[in-house]
Amino acid sequence: MATSSVIELREITKRFPGIVANDHISFDVRRGEIHALLGENGAGKSTLMKILFGIYQPDAGEIRIQGAPVVLKSPADAIRHGIGMVHQELMLIPEFTALENIILGAEPAWGAVFVDTSRARRRIAELSRRYGLTVNIDARIKDLSVGERQRIEILKTLFRDADVIIFDEPTSSIGPQDKARLLKLVRALADDGRAVVPFITHKLPEVFEICDRVTVLRNGHVEGVYARADLSPEQLTRAMFGAVLGSASQPSTRGRDAILTVTDVTLGGPGGKQTLNGVSFDVKRGEILGIAGVSGNGQVELGEALLGLRRADRGTIVFDGEDVTACGPAEMLARGYAHIFEDRAMNAVGDLSLRDNVALSFYSSPRFTKAGLLLDYAKIAETCAGIVEGYNVKYGHATDEMRTLSGGNQQKLILGRILATFPMLICAHNPTKGLDLASCHFIYDRLSRYIESGNSVILVSEDLDELLGICGRIAVMYEGRMTGIRDAASATKEEIGGLMTGDFPVSRGRG
Amino acid sequence: MAAFEAESQATSGGAEEIEVSRPGSEASRYLPLGYLALSLLLSYGVIGLVVWSLGLDVTGFFKDMFLYPLTTQSGLSTMLRRISPILLSSLTLAFAFRIGFWNVGSPGQLMVGMIAGTWVAIHLQGLPWFLHVGLTLTTGFGAGALLGLILAYAKFHFGVNEVLLSLLLNFVSQYSVTALLYGPMQGRPLLPYTAPILPSAELPRFFGRVHVGVLLAITLVLITVAVIRYTRFGYMMRVMGSSMAAARAAGIDVVRVGTIAVCVSAGFSGLAGVMEVTGVYGYGFDTIVQGIGFYGMISAFIAFGRLGYLIPAAVITSMVLSTGELVKAYSKVLPSQTPQLLLGLIAFGLLLTTALGQRASR
Amino acid sequence: MQAAIETTLSLGMLIAIPILIAALGEAISERAGVLNIGLEGVMEWGALVGFIAVTSFQSLVVGFTAALMIGVIFGLVVAILTVSLHANQFYTGIVLWIFSLGVTGFIHRMGFWHASTLDTSPLDVVIPPFDRIPILGPVLFRTNAMTYVALVLTLMVWVLFEKTRAGLWIKAAGHRPEALDTVGVSVVRVRYLCVVMCSVLAAIAGAHISLIATGLYYSAGFFEGIVAGRGWIAIILVNFGSWRPLRILFGAILIGASWALQIRLQTLLPGYPVHVFLMLPYVVALMFLFLGRVSFPEALGRAYVRQR
């Protein structure tokens, strides 16, 4: 540990019931350095970072800032010691203006009571100029793009003279252009004498370009610390989880007819930001169609329109040869469509038991009703037991509440109950988000096998590796439209990435 | 009582999830009883203190309080008679709450049910008793359900907050019915009393003053428990109560199920209102159901909102209230409000103990 | 005719005042994310305590101060339950309301405190020559000191929300408490203060009702249920006014006017049962219920549990 370390974490240990999140982790960052923390979901990065920012307190170990040991009991302490954090889930208030968000908690005041807006504006203008962070500070956050919001979050930390800036998954939800800008900014911040710690998963190797050092975490402990010069991507991947992701191949779907045809679907949203602006695409029988795109470009709305939760203002949806534009969820489900939402709260009810959750797929089916009024819970329990076994779901008792299951197991149960109704088309939105690798692979496997009998899957995801891995074709959504559809076999990440931010010329062709 | 969270705790958060397995729920089944016992202890303790500070015989007072409703003929029949409206009023709140809907409009629903049913009881002549009684009760239920329809429609189509709406409707209903009692429904000069009901509309009685409405109320509670537990409709209600979003996404017609549930819940109070007339007094008046709505709410709280606990909770509430008659003996120094104070204290005690208990188990 | 309008309007203003004060308090609490549904209950407490204090000490100042103190106590109870113990805000509010009704009725009937003649004239204010302005004159300048207090309060709340640091924090606590917490401001402290402020204002409003407002058309002094739903109306006003003080003022005046109007109608149209008119302000409030609703403080009604 060099004495030029600004931050030093020594033997940090943090336990939660049933799991050791951080196991004697040592980590340090030097002035002017960009030191990345790498690890897959569950490795312990989030916990470590929250300890550094004062949100959690470690069970053992110490934190040193500028060589002096400190105790960080709250984010206020961390901020006072010059630590700033740019959260993955941006800690911004959508209703507030950018200015209000930046100064919140650190407002320049006169009389200690009233807000001195002019002083605030001057300071922000100065910071913007210095780092090239152009942003309209009087705009409300809800009207800004993700990239702009992130810039505001960064300005927040700079406004408080942060010496150390932690970035939590900074590039996971922004497009290539914003990414490039961010990386340049991070380098500039470091060159200015700050210490920067980006926390990233294996999905974002671009950050390697700018890192000076990388620490790899696995299962709560440090797997290794590497200088950038010594890095190779394979080494890192192996250090993180041993295996390398393969990619599945798909049979060609040329010549097959379409199970779903969406034509010019338009849906207005509140305030006009989240809308569908004439979406057109089709899904062939027996294929997995991927829909790529940065979140917030209409994917959620598309899902709601397909399921029938919301009705399109214009356009048509034809499913299995029939116009279903006006159908509601009950009808769509009965016709053989199923939807897995990104928000797990839409697919499962945490307070209800496993059996009752499985019943979500079967309560309206005559096979599971007795005497027309009563629900055949015994049969549902049987089905539940079958799903639990077939999908390798780990649980305590069948009467346990759904939320006692881990994320991966919940998702498997959800997938199980949906597949048990044999839908002709499943639309899954980020089904593997936040899951451990084993569960991810399980889900990919099941979905790939499901199409063998002529059914289809739509996979909406932000993860290009995932999409390129199992999809046959990939459509890209940007600002409520499909900007292009490509064959996965021949597409490149750059091409898809470009379509995701509208950099490429718009081609509304169907692949 | 966690129905207002729009998201269930199964939502995936950020990049990492530390999933924690819950401690076994066997012990926690008995916790509510503990909270109740504690609240009862504290509340009666406060009353005891008040009684003692007034120089009265505390042990004698408590003996009378508990023995009167249970051992004397008049105390017992008063208590049993009271159970009917309180049980139904608590059912109103508890049933609607199953879908996360706060129907606190029982006072108003009681009144409109009362007046509508009384009209039928007074004016439809020449009917055999079972038909007349049936019609009267159905009208009462229907009038209450109509009020429920307003609540449901406002909530599901306009997004109006049901707590505020039902409370306002309480006032509006009360004033409207009282206006009717001084107006077209007035049966006696100068007083807000209706004319007496026809004998064919009276509810049969047993044990002196106790009417069969008690049995009807108990049956209705048992039926709703069965509906929730065994039927498809009950399942849909349970899903809605835990997560409206998931219910919609699973194809449940939340507007239809919700409207039916709310109307039925309101109907229960309407039924209770008319039964006070046809089972107890024989005519309607403005204060006939005064306070019942509140006692029903407290009873529902004592039952922790669980349908299965409603009957014992109503017994407890009724017991506490039956001391009102007794306290008349002490009425020189103790206000007749003592039962209300007791109930208020019990409710507060429950609130405190449950909140502390939930915090401790986190 | 003009005199009739003037007296009705000035009566309406006076009736509106306690509703306004309570609504301002509720707006502060709700902006911070805490629904104080027991507002009606704490108003009953304020009404009772204010009344007892004034009849015991013959001083209006003591009366309002006592109400203030009971507001602090009640506010702390609500805050502890909802902010620290994360109890459900609806459940808490309704139980506290029922509790308050029962207990205040009981204490009142304990009978120690009779409705001795209550003299609130020290608070009356007349400002000639302004009070001769047609229509507005009597409304604003032949009134009660508390009216001015309430109007100043409205302005102060506006300044609080729009111009101060605390206002920013309050709004943040109501929209997205996580954001406030991660910049180092204690959400818990902000919410406690707001809830207590709300209860204090509500208690003072309650005292106004039993000491001043009711005396204008009935006789001053406490009786059980004196608040008669004005707490609920205040909550509706907050929503209708989109949590903004000036709009709340407007709504309160409308309600007050309708209340005064129904009192006048009672004497003007003696053929109808009184209760037909009594409904009027509640019907107006019903209309407000259906009309209000803009941008909601998103965290309203949900307990903030900090991840540990």
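Keep in mind that what you see is a predicted model, and the values were worked out from it rather than measured.

Caption draft 1: Main features of the overall build of chain C. For chain C, the helix and strand inventory stands at 13 helices and 2 strands. Taken over the C-alpha atoms alone, chain C extends approximately 65 × 45 × 40 Å along its principal axes. Burial analysis of chain C (308 residues in total) assigns 63% to the buried set. Roughly 11400 Å² of accessible area belongs to chain C as shown, and the carbon and sulfur atoms make up 70% of that amount. Each charge class in chain C was averaged separately, 18 positive and 13 negative side chains, and the resulting centres sit 9 Å apart.

Caption draft 2: Focus on the overall build of chain A. When its secondary structure is counted, chain A shows 16 helices and 24 strands. Long-range pairs, those at least 24 residues apart, make up 67% of the contacts in chain A with a sequence separation of at least 6. Surface summary for chain A: the accessible area is close to 20300 Å², and the carbon and sulfur share equals 50%.

Caption draft 3: Focus on the interface of chain C and chain B. At the junction of the two partners, chain C supplies 44 residues and chain B supplies 47 residues. Counting every contact that joins chain C to chain B gives 0 salt bridges. The interface formed by chain C and chain B contains 0 residue pairs in polar contact (both at pLDDT 80 or more). Looking at the side of chain C that touches chain B, the elements that each hand over two or more residues are α3 (60–84), α4 (89–109), α10 (230–240), α12 (274–278) and α13 (280–291) of chain C. Taken together, the residues of the side of chain C that touches chain B sort by class into 32 nonpolar, 8 polar and 4 charged.

Caption draft 4: Spotlight on the packing of helix α3 (residues 73–97) of chain B against helix α10 (residues 254–281) of chain B. Residue and element names in this part refer to chain B. Following both chains from N to C, one finds α3 and α10 inclined at 170°, their axes separated by 8 Å at the closest point. In this view, α3 runs roughly antiparallel relative to α10, as classed from their interaxial angle. Along the contact surface, α3 presents Arg81, Ser84, Pro85, Leu88, Ser89, Leu91, Thr92, Phe95 and Ala96, while α10 presents Ala261, Val264, Ser265, Ala266, Phe268, Ser269, Leu271, Ala272, Met275, Glu276 and Val280. Classifying every residue of the contact of α3 with α10 by side-chain character gives 13 nonpolar, 5 polar and 2 charged.

Caption draft 5: Fine view of a nonpolar patch on the surface. On the surface, C:Met1, C:Ile5, C:Leu9, C:Phe130, C:Ile133, C:Ile135 and C:Leu136 cluster together to form a nonpolar patch covering roughly 650 Å² of accessible area. Take C:Leu136: it is sitting in helix α5 (residues 136–141).

Caption draft 6: Here's a closer look at helix α4 (residues 117–131) of chain A. Residues and elements named next belong to chain A. For α4, with 15 residues, the first-to-last C-alpha span of 21 Å sits near the 21 Å given by 1.5 Å per residue. Buried residues of α4: Ala120, Ile124, Leu127, Ser128 and Tyr131, and no others. On an axial view of α4, the arc spanned by its buried residues comes to 100°, and they lie on one face. Across α4 from its buried face, at more than 90 degrees, point the exposed residues Arg122, Arg129 and Arg130.

Caption draft 7: Region of the structure containing the environment of A:Gly407. Residue and element names in this part refer to chain A. In this structure, Gly407 sits in helix α13 (residues 407–419). On the accessibility criterion, Gly407 (6% relative accessible area) is buried. Spatially, the C-alpha atoms of Gly407 and Leu183 are 32 Å apart, while their sequence positions differ by 224 residues.

Caption draft 8: Expanded view of the nonpolar core. Residues A:Phe167, B:Leu88, B:Leu91, B:Ile252, C:Ile94, C:Leu180 and C:Tyr282 are the most contacted members of the largest nonpolar core, which totals 318 residues. If you tally residues by element for this core, the top one is helix α9 (residues 187–217) of chain C, at 17 residues. Apart from the residues lying within four places of it in its own chain, the contact partners of C:Ile94 are B:Trp102, B:Val104, B:Val163, B:Met297, B:Phe301 and C:Ile37. Of all hydrophobic cores here, the second largest spans 33 residues; its members include A:Ile291, A:Met332, A:Tyr337 and A:Met477.

Caption draft 9: The arrangement of the packing of aromatic side chains in detail. Within this structure, the stated rule accounts for 28 aromatic pairs over all chains. Ring geometry for B:Tyr153 versus B:Phe158: centroids 6.1 Å apart, planes at 70°, classification edge-to-face. Using a relative accessible area of 51% as the deciding quantity, one classes B:Phe158 as exposed. Of the aromatic side chains, those joined through ring pairs into one cluster are B:Phe171, B:Tyr175, C:Trp259 and C:Tyr282. When the ring centre of A:Phe368 is taken as origin, the NZ or CZ atom of A:Lys379, which lies over that ring, is 5.6 Å away. It is B:Arg188 that lies over the ring of B:Tyr283; its NZ or CZ is 5.1 Å from the centre.

Caption draft 10: Spatial organisation of the packing of α10(C) against α13(C). Residue and element names in this part refer to chain C. Packing of α10 against α13 leaves a shortest axis separation of 9 Å and a crossing angle of 35°. Considering the relative orientation of α10 and α13, their crossing is left-handed. Between α10, through Ile233, Ile236, Leu237 and Phe240, and α13, the contact on the second element is made entirely by Tyr282, Ala285, Phe288, Leu289 and Leu291. Among the residues forming the contact of α10 with α13, the class breakdown is 9 nonpolar, no polar and no charged.

Caption draft 11: A look at unusual backbone geometry. Positive phi, normally seen in glycine, also occurs at A:Phe422, with a value near 50°. Inspection of the secondary structure puts A:Phe422 in the loop between α13 and β21 (425–429).

Caption draft 12: Fine view of the environment of C:Pro281. All names here are of chain C. Looking at the element boundaries, Pro281 is found in helix α13. On the accessibility criterion, Pro281 (0% relative accessible area) is buried. Considering only alpha carbons, one finds Pro281 and Ala257, 24 residues apart in sequence, at a separation of 8.5 Å.

Caption draft 13: A look at the sheet that holds strand β22 (residues 456–461) of chain A. Residue and element names in this part refer to chain A. Taken together, the 6 strands give an open sheet; going across it, the order is β18-β21-β22-β15-β23-β24, and neighbouring strands pair in mixed fashion. The open sheet is flanked by β18 (337–340) and β24 (481–487), the only strands paired with a single partner. This sheet shows a mean twist of 20° between the axes of neighbouring strands, independent of strand direction. Two elements, strand β23 (residues 473–478) and β24, share 6 bridges in a ladder whose sense is antiparallel.

Caption draft 14: Fine view of α13(C). End to end, α13(C) covers 17 Å across 12 residues, agreeing with the expected 16 Å (1.5 Å per residue, within 8%). Its buried side turned inward, α13(C) meets α6 (162–182) of chain B together with α10, α11 (245–268) and α12 of chain C.

Caption draft 15: A look at the pairing of strand β11 (residues 213–218) of chain A. Residue and element names in this part refer to chain A. Of all 6 residues in β11, 5 are buried, a share of seventy percent or more. Looking at chain direction, strand β3 (residues 35–38) and β11 are connected through 4 bridges and run parallel. Bridging across to β11, Ala36 finds its partner in Val214. Both β11 and strand β12 (residues 221–227) contribute to a ladder of 6 bridges, which runs antiparallel.

Caption draft 16: Up close: the confidence of the model for chain A. Counting all residues, the mean pLDDT for chain A is 82, and 88% of those residues have values of 70 or more. Low confidence marks residues 241–247 of chain A, where pLDDT is under 50. Its contacts with residues over four positions away, or in another chain, come to 8 contacts.

Caption draft 17: Molecular detail of the side chain of A:Thr157. Structurally, the position occupied by A:Thr157 is in helix α5 (residues 146–159). When neighbours within four sequence positions are excluded, A:Thr157 is seen to be in contact with A:Gly84, A:Met85, A:Val86, A:Ala162 and A:Ile165.

Caption draft 18: Quick look at the sheet that holds strand β5 (residues 68–70) of chain A. All names here are of chain A. The strand order across the open sheet built from 4 strands is β2-β1-β4-β5, with neighbouring strands paired in antiparallel fashion. Looking along the sheet, the strands with just one partner apiece sit at the ends: β2 (19–30) and β5. Averaged over neighbouring strand pairs, the angle between their axes works out to 25° when direction is ignored. Where strand β4 (residues 60–65) meets β5, 3 bridges bridge the pair, whose relative direction is antiparallel. What sits directly across from Ile63, in β5, is Val70. Sheet strands in contact with helix α1 (residues 45–52) are β1 (5–16), β2 and β4, and its direction is about 120° off that of β1.

Caption draft 19: Fine view of the environment of B:Ala249. Examined against the element boundaries, B:Ala249 turns out to sit in helix α9 (residues 244–249). Dropping the residues within four chain positions of it, B:Ala249 is found in contact with A:Leu307, A:Leu309, A:Pro329, A:Leu333, A:Phe341 and A:Met346.

Caption draft 20: Broad picture of the side chain of A:Glu107. Counting through the fold element by element, A:Glu107 comes out in the loop between α3 (98–103) and β7 (109–110). Exposure remark for A:Glu107: the relative accessible area of 5% places this residue in the buried category. A distance of 2.9 Å separates a polar atom in the side chain of A:Glu107 from a polar atom in the side chain of C:Arg165. A polar side-chain atom of A:Glu107 sits 2.7 Å from a polar atom in the side chain of C:Trp169.

Definitions and limits used
- Residues numbered from 1 in each chain as written.
- Chains lettered and ligands numbered in written order.
- Predicted model: local features only at pLDDT ≥ 70, side-chain atom pairs only at ≥ 80, totals over all residues.
- Heavy atoms only, no water.
- Helix = DSSP H or I, 4+ residues; strand = E, 2+ residues; numbered from the N terminus.
- Buried < 20%, exposed > 50% of the residue type's maximum accessible area, 1.4 Å probe, protein only.
- Areas by Shrake-Rupley, 256 points an atom, 1.4 Å probe, with all protein chains shown as cover.
- Lys, Arg positive; Asp, Glu negative; His and termini not counted.
- Charge placed at Lys NZ, Arg CZ, Asp CG, Glu CD.
- Contact = heavy atoms within 4.5 Å.
- Salt bridge = Lys/Arg side-chain N within 4 Å of Asp/Glu carboxyl O.
- Polar contact = N/O pair within 3.5 Å; in protein donor to acceptor, adjacent residues only side chain to side chain.
- Nonpolar A, V, L, I, M, F, W, Y, C, P; charged D, E, K, R; others polar.
- Axes fitted to C-alpha atoms, helices over the stretch in contact; angles between N-to-C directions.
- Parallel < 35°, antiparallel > 145°, perpendicular 65-115°, else oblique.
- Patch = residues over 30% accessible without salt bridge, like charges linked within 9 Å, V, L, I, M, F, W, Y side chains within 5 Å.
- Expected span 1.5 Å × (residues − 1).
- Arc of directions from axis to C-beta.
- Core = buried A, V, L, I, M, F, W, Y, C linked by side-chain atoms within 4.5 Å.
- Phe/Tyr/Trp six-rings, centres within 6.5 Å; stacked < 30°, edge-to-face > 60°.
- Lys NZ or Arg CZ within 6 Å of the ring centre and 35° of its normal.
- Left-handed = near helix turned anticlockwise from the far one by under 90°.
- Pairing = 2+ DSSP bridges.
- pLDDT = per-residue confidence, 0-100.

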